[in-house]
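Structure at a glance
Each chain, letter by letter, is given below.
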Amino acid sequence: MIKRFLYSQKVAPYVFVLPFVAVFLIFWVYPLASSFSMSFQKVTLGQEAQWVGFDNYAKLMTDGVFFKAVTNSVIYMILTLVILIPFPMLFAVLINSKFMWGREFFKSSFFFPALTSVVVAGTIFRLMFGEMDTSLMNSVLGFFGLDPVKFLKGQATGYIALLVLATWRWTGVNMLYFLSGLKNIPEDYYEAASIDGASKFQQFTKITMPLLKPTTVYVLTISIYAGLAMFIESMMLWNGNNSPKNIGLTIVGYLYRQGIEKNNLGYAAAVGIVLLAVTMIINLSQLAFSGLFKKEDN
Amino acid sequence: MKKKWFIMFLVLAMATVLGACGGKSSSNAGGETSVLDGGAGENATELSYWTFVELHGQHFEKMLEKWNAEYPDRQIKLNVTVMPYDDMHNKLSIALQTGVGAPDISDIELGKFPDFLNGTPQLVELNDVIDPYRDTIVQSRIDLYSKDGKNYGVPTHVGASVAFYNTAILEEAGVDYKTIVTWEDFKKAGIQVYEKTGKYMGTADTSATWQLSQLLAQQGSDFTDENGNPTINTPEMEKAMSILKDLQDNNVIATIAGGQPDTEEAYGEFNAGNYATAFMPLWQMSRYTNYMSDLSGKIAIAPIPVIEEGMPRSVGGGGTGTVVTKTAKDIQLAKDFLAFAKLSEDANIEIWNTLGFDPVNMDVWNMEDVTHNPENQFVKYFANNPFDVLNDIKDEIKLIKSTSASPTINNILCTVTLNEVFEDGKDIKQALDDAQAQIEQELK
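Just so you know, these numbers come straight off a predicted model, no measurement behind them.

1. A look at the overall build of chain B
On a plain count of helices and strands, chain B comes out with 19 helices and 14 strands. Its C-alpha atoms give chain B a radius of gyration of 24 Å, near enough to 22 Å, the size a compact globule of 444 residues would have. A total of 444 residues make up chain B; the buried ones form 58% of that total. Sequence separation of at least 24 residues holds for 76% of the intrachain contacts in chain B that already meet a minimum separation of 6. Both charge centroids of chain B, one from 35 positive and one from 64 negative side chains, sit 7 Å from each other.

Right under this line is the structure:
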């Protein structure tokens, strides 16, 4: 009997996918469903949750701080895309080129920041961007004869700090994705192209870029998600979830503030559902645009 | 038959997955945990205690030894966990919400306390253990941690606000802090300090409301009305902000890294002698002894300047209420120990000795041998004795109410409004109107 079960070709596939399905159901579908229902409730300490219909969403629509958080997240996401897609791609191509020396050294040093914890990195960046004249960034500015800047108290300079941190941390990771994509492009194409007289630049735009598209789409998708869901970087940079004038407040930060800090879980659930909707809409349209859902024609 | 096996397998797989994650989440609450036995025997009951201030644990350690010696049949082992401020309150809030994992005893900071009184508080009513001490302690400090006449928290200190002057800087500029009585005097002295030394007299706080509370209390006003509703755009508030803004415009006060005197960055600025004054509750003393050792012997304590002579010169600031949770193992034991450890006369003396706080039992303020003990680290550090000042302002210590709106008010002022006014120079009236609107919106 056991033997029949173990060797059963019908059962085996289910057994193999079971751990994933179980994890998916318990840690994804169930929390999602309960947040969804919670977003229509008012949850108070020590009392039964009350159903309040669309109250939480109605409040959200008139909440200036929430829109500030959404704007911050979206701008941060767009700026990270602008920096963290072209540059890592360029670095990957450079490192992959035949004339590159010290390839492994560059690969590892670019990747190294990704291994440090965000908490440690964020704390160090907070000190680097400190407002005292003696902080690293202000010392550098002082060297060029510029006045010290209160980086973490202004909107634009706050973004600079966040983006420097993000660039430092993620360039190496994205570069590795692109490197692995580059390894899949056969050398022959370039040879053929150079025989036909294509320049290096033409080879890059006509061979490398199109063939890297699957990798680019993947990096784009995870970057959109990572940008919109950013939270810890901001929390560490401002040493807490409350930045001056909310310049570092992100959607997840607002969810955390409402749900955990203010114990308003119903409202926070509504924030979470809106974040999910925004992320899904942006990513699905991006994927549709890049042709992921089109049937492949052979 | 096949189906049965399949189901068993499914259950097994599920159990493995669940077990794996259960193992992770059931680890301790994070932070540093240490078990204090305080000379307890084997039959001692183990109680857990969460705090965000390491020193509070040391105070409990001393009181625990006394308790175990005095009540051999009710001995306690105390499991102290120290966590960062936000983490501790967030974890406690989730633990109380879910009814799982809360400690028996916990500290809750005043700024967070109203959130724990929402709905049906998951804390134990402490009236019966506070009653024996009620006459000896400052009533208003208990009221801060109460709802509908029920006391849920035991106070730690009065937190009387005072001025901390760096006498070295003032002497350099030829200013005598003892002559500063009104804000006008303070402004004159500050202009002199800035001209002579290039240093700032004080701070324009952007991330705390200590100064605002002091200025509001002097005018008999508050952040909330008698019903607990926010009143931010009042003439009193405008006046308070205008005074501070005027000081800033005259280079008397300036914004400080960290946003207020009680931050790591600001300790450094003060220690380097870049700012001469801090207007803070008395517990700021322990920050001086711990983080600003270069200033030893140079700091003098004095009453805060007033708008007009005769106005009250102090206000209680900050505070920590210690609570017993509804899920505590032995509620009665936890309650009795808590009262013993924080309200008894012994406890109040220890609170001064160990923590450097102004104890809620004001009789202690008059015990010369305790307050003027030359071996005490705080007495040694400061240029004058804090209790000479405290006894002088004793009857003028006002109270800023803590209501369910307080956390929101504090959040908006400290993240948005104060930054707008002191960093960006936004119009005060406009900034206050915006703050009032935003607070009302959030409280809806």
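2. Brief notes about the UniProt feature "transmembrane region" (unreviewed entry) in chain A
Residue and element names in this part refer to chain A. Residues given the UniProt feature "transmembrane region" (unreviewed entry) here are residues 12–30, 74–97, 109–129, 156–179, 216–238 and 265–285. Across residues 12–30, the secondary structure splits into 100% helix and 0% strand, with the terminal C-alpha atoms separated by 26 Å. Helix makes up 83% of residues 216–238 and strand 0%, and the two end C-alpha atoms of the span are 32 Å apart.

3. Here's the deal with the sheet that holds strand S3 (residues 76–82) of chain B
Residues and elements named next belong to chain B. An order of S1-S3-S2-S4-S13 is seen for the five strands of this open sheet, with the pairing classed as mixed. Bordering the open sheet on either side are strand S1 (32–36) and strand S13 (320–324), each of which pairs with just one other strand. Each neighbouring strand pair of the sheet contributes to a mean axis angle of 20°, computed without reference to strand direction. By the bridge criterion, five bridges tie strand S4 (residues 105–109) to S13 in an arrangement that is antiparallel. For Asp 107, the partnering residue across the bridge sits in S13 and is Thr 322. In the packing of helix H2 (residues 54–70) onto the sheet, the strands contacted are S1, strand S2 (45–51), S3, S4 and S13, and the crossing angle to S3 comes to about 180°.

4. Side note on the environment of Pro 19 of chain A
Along the chain, Pro 19 of chain A falls in helix H2 (residues 12–38). Linking Pro 19 of chain A and Thr 80 of chain A, residues 61 residues apart in sequence, is a C-alpha distance of 34 Å.

5. A short note on the layout of surface pockets
Estimates place the volume of the second largest pocket at around 1,100 Å³. If you list the elements that add at least two residues to the lining of the second largest pocket, you get H2, helix H14 (251–261) and helix H15 (265–289) of chain A together with helix H1 (2–25) of chain B. In the lining of the second largest pocket, the residues fall into 20 nonpolar, six polar and no charged.

6. Description of the interface of chain B and chain A
Taken together, the contacts link 42 residues of chain B with 41 residues of chain A. Between chain B and chain A lies a buried interface of about 3,700 Å² when both sides are counted; carbon and sulfur atoms form 59% of it. Counting the contacts that link chain B with chain A gives five salt bridges. Secondary structure elements with two or more residues in the side of chain B that touches chain A: H1, helix H3 (85–98), helix H4 (113–116), helix H11 (264–271), helix H18 (406–422) and helix H19 (428–443) of chain B. In terms of residue count, H1 of chain B provides more of the side of chain B that touches chain A than any other element does, ten residues in total. Looking at side-chain class alone, the side of chain B that touches chain A contains 16 nonpolar, 16 polar and ten charged residues.

7. Focus on the packing of helix H7 (residues 118–128) of chain A against helix H9 (residues 155–183) of chain A
Relative orientation and spacing of two packed helices are given, respectively, by the angle between their axes and the distance between those axes. Residues and elements named next belong to chain A. Two numbers describe how H7 lies on H9: the axes approach to 11 Å, and their chain directions differ by 140°. Of the possible angle classes, the one that applies to H7 and H9 is oblique. At the point where H7 passes H9, the crossing takes the right-handed sense. Mapping the contact onto sequence places Val 118, Ala 121, Gly 122 and Phe 125 in H7 and Val 164, Leu 165, Trp 168 and Arg 169 in H9.

8. Some points on the packing of aromatic side chains
With the rule as written, the count across this model stands at 43 aromatic pairs over all chains. Taking 5.3 Å as the distance between ring centres and 50° as the angle between the ring planes, the aromatic pair formed by Phe 125 of chain A and Trp 168 of chain A counts as tilted. Here Phe 125 of chain A is found in helix H7, whereas its partner Trp 168 of chain A is found in helix H9, with 43 residues between them in sequence. The exposure class assigned to Trp 168 of chain A is partly exposed, which follows from its relative accessible area of 35%. Residues Tyr 194 of chain B and Tyr 200 of chain B carry aromatic rings whose centres are separated by 5.4 Å and whose planes lie at 25° to one another, so their mutual orientation is stacked. Judged by relative accessible area, Tyr 194 of chain B falls into the partly exposed class, the value being 29%. Taken together, the ring pairs connect Tyr 49, Phe 60, Trp 67, Tyr 71, Phe 337 and Phe 340 of chain B into an aromatic cluster. The ring of Tyr 267 of chain A is capped by Lys 59 of chain A, whose NZ or CZ atom sits 4.4 Å from the centre of that ring. One cation-aromatic arrangement involves Arg 169 of chain A over Trp 170 of chain A; the distance from NZ or CZ to the ring centre is 4.9 Å.

9. A few points about the nonpolar core
All names here are of chain B. Residues Leu 78, Phe 164, Phe 270, Met 285, Tyr 288, Phe 337 and Phe 382 are the most contacted members of the largest nonpolar core, which totals 69 residues. When residues of this core are assigned to their parent elements, the largest contribution, seven residues, is made by helix H13 (residues 331–342). Sequence-distant contacts of Leu 78, defined by excluding residues within four places in its chain, comprise Ser 34, Val 35, Leu 36, Leu 47, Tyr 49, Phe 60, Leu 64 and Phe 337. Ala 163, Met 201, Ala 405 and Leu 432 belong to the second-largest nonpolar core, a separate cluster that totals 50 residues.

10. Considerations on the side chain of Asn 151 of chain B
Residues and elements named next belong to chain B. As for its placement among the helices and strands, Asn 151 is situated in strand S6 (residues 150–151). The class of Asn 151 is buried, set by a relative accessible area of 4%. Within polar-contact distance, the side chain of Asn 151 engages the side chain of Arg 134 at 2.8 Å. Apart from the residues within four sequence positions on either side, Asn 151 is in contact with Val 124, Glu 125, Leu 126, Asn 127, Ile 130, Arg 134, Ile 142, Tyr 145 and Ser 146.

11. Describing the environment of Asp 73 of chain B
Residues and elements named next belong to chain B. One can find Asp 73 in the loop between H2 and S3. The exposure class assigned to Asp 73 is exposed, which follows from its relative accessible area of 69%. The spacing of Asp 73 and Tyr 165 is 92 residues in sequence and 50 Å in space, taken between C-alpha atoms.

12. Thoughts on the pairing of S13 of chain B
Here S13 of chain B lies mainly inside the structure; five of its five residues are buried. Covered by surrounding structure in S13 of chain B are Thr 320, Thr 322 and Val 324 of chain B together with Gly 321 and Val 323 of chain B, the residues of both alternating faces.

13. A closer look at the pattern of salt bridges
Once their charged atoms are close, side chains differing in charge can pair, the charge on each being opposite to the other. Here the structure, examined in full by the defined rule, presents 24 salt bridges over all chains. Residue Lys 187 of chain B is joined to Asp 246 of chain B by a salt bridge in which the shortest nitrogen-to-oxygen separation is 2.9 Å. Taken as a pair, Lys 187 of chain B in helix H8 (residues 183–197) and Asp 246 of chain B in helix H10 (residues 235–249) lie far apart in primary sequence, 59 residues in all. For Arg 313 of chain B, the salt bridge identified is with Asp 392 of chain B, shortest N-O distance 3.5 Å. Here Arg 313 of chain B, found in the loop between strand S11 (299–302) and strand S12 (314–315), pairs with Asp 392 of chain B, found in helix H17 (residues 386–393); they are 79 residues apart in sequence, far enough to count as distant. You can call Arg 313 of chain B partly exposed: its relative accessible area is 22%. One continuous salt-bridge network, built from bridges that share partners, spans Glu 131, Lys 150 and Lys 153 of chain A together with Glu 423 of chain B.

Cut-offs used in this document
Residues numbered from 1 in each chain as written. Chains lettered and ligands numbered in written order. Predicted model: local features only at pLDDT ≥ 70, side-chain atom pairs only at ≥ 80, totals over all residues. Heavy atoms only, no water. Helix = DSSP H or I, 4+ residues; strand = E, 2+ residues; numbered from the N terminus. Rg over C-alpha atoms; globule rule 2.2 N^0.38 Å. Buried < 20%, exposed > 50% of the residue type's maximum accessible area, 1.4 Å probe, protein only. Contact = heavy atoms within 4.5 Å. Lys, Arg positive; Asp, Glu negative; His and termini not counted. Charge placed at Lys NZ, Arg CZ, Asp CG, Glu CD. UniProt positions renumbered as here; feature names shortened; annotations may be inferred. Pairing = 2+ DSSP bridges. Axes fitted to C-alpha atoms, helices over the stretch in contact; angles between N-to-C directions. 1 Å grid on protein atoms, 1.4 Å probe; cavity = no way out; pocket = protein on both sides within 12 Å on 5 of 7 lines; lining within 4 Å. Points joined across faces, edges and corners; volume = space filled by probe spheres on them. Nonpolar A, V, L, I, M, F, W, Y, C, P; charged D, E, K, R; others polar. Buried area = accessible area lost by both parts, 1.4 Å probe. Salt bridge = Lys/Arg side-chain N within 4 Å of Asp/Glu carboxyl O. Parallel < 35°, antiparallel > 145°, perpendicular 65-115°, else oblique. Left-handed = near helix turned anticlockwise from the far one by under 90°. Phe/Tyr/Trp six-rings, centres within 6.5 Å; stacked < 30°, edge-to-face > 60°. Lys NZ or Arg CZ within 6 Å of the ring centre and 35° of its normal. Core = buried A, V, L, I, M, F, W, Y, C linked by side-chain atoms within 4.5 Å. Polar contact = N/O pair within 3.5 Å; in protein donor to acceptor, adjacent residues only side chain to side chain.

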